[in-house]
Amino acid sequence: VLGTLELIDEGETDYKVIVIRADDPDAYRITDMASLEQVKPGTTTRLVDWLKKYKTAEGKGLNTLASETPYTIARSDEIISECNERWVWLVNGQTSNAKGHYIAAGTTAAITP
């Protein structure tokens with residue numbers, strides 16, 4: 001995990017976790033967003049631009065980001081943990097999603113964090 005961007009998609013937060021494939025030839029040189037920019041200049045700018053525009057092909061407007069600066073690795077780890085915790089609650093029937101839906105019983109085994 002190198003960082004995270006916070007996309008606002010139809011009024012809901014949609015985190016985009018930024019990673020690098022382990023088999024990327026430059027992976028050994030990239031440990032965070034700063035080193036990503038050193039090794040592959042302009043990547044963050046291109047990623048932000050793509051996230052803003054990718055739904056325009058469907059006739060939708062531009063997306064909004066909470067910030068164009070990715071969150072740190074530490075904050076990204078927190079976000080991943082928080083999202084996983086909410087997912088566990090959802091699949092275990094402990095909470096509903098934003099639309100009031102629960103995962104249907106029997107579709108997945110109970111999960112523990």
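This is a predicted model, so every value here is computed, not measured. (Residues numbered from 1 in each chain as written. Predicted model: local features only at pLDDT ≥ 70, side-chain atom pairs only at ≥ 80, totals over all residues. Heavy atoms only, no water.)

J.: I tried to follow the overall build of the protein on my own but got confused; where do I start?
T.: The helix and strand inventory of the protein stands at three helices and three strands. Secondary structure elements in the protein, listed N-terminal to C-terminal, are β-β-α-α-β-α. Looking at the protein as a whole, 25% of its 113 residues are labelled buried. Across the protein, the fraction of contacts at a sequence separation of at least 24, relative to all contacts at a separation of at least 6, is 45%. Carbon and sulfur atoms provide 53% of the accessible area of the protein, an area that totals close to 7500 Å². (Helix = DSSP H or I, 4+ residues; strand = E, 2+ residues; numbered from the N terminus. Buried < 20%, exposed > 50% of the residue type's maximum accessible area, 1.4 Å probe, protein only. Contact = heavy atoms within 4.5 Å. Areas by Shrake-Rupley, 256 points an atom, 1.4 Å probe, with all protein chains shown as cover.)

J.: Just checking my understanding: could you explain helix α3 (residues 73–91) for this structure?
T.: Taking 1.5 Å of rise per residue, 19 residues should cover 27 Å, and α3 covers 27 Å from first to last C-alpha, within 8% of that figure. Along α3, the positions that sit buried rather than exposed are Ser76, Ile79, Val88, Leu90 and Val91. Each element contacted by the buried residues of α3 is listed here: β1 (3–9) and β2 (12–18). (Expected span 1.5 Å × (residues − 1).)

J.: Got a minute to help me understand the packing of aromatic side chains in this structure?
T.: Any aromatic ring pair is given by two values, namely how distant the centres are and how the planes are angled relative to each other. Counted under the stated rule, the structure contains one aromatic pair. Aromatic pair Trp50 and Tyr54: ring centres 4.7 Å apart, planes at 15°, arrangement stacked. Assessed through its relative accessible area of 24%, Tyr54 is described here as partly exposed. Note that Arg75 overlies the ring of Tyr71, its terminal NZ or CZ placed 6.0 Å from the centroid. (Phe/Tyr/Trp six-rings, centres within 6.5 Å; stacked < 30°, edge-to-face > 60°. Lys NZ or Arg CZ within 6 Å of the ring centre and 35° of its normal.)

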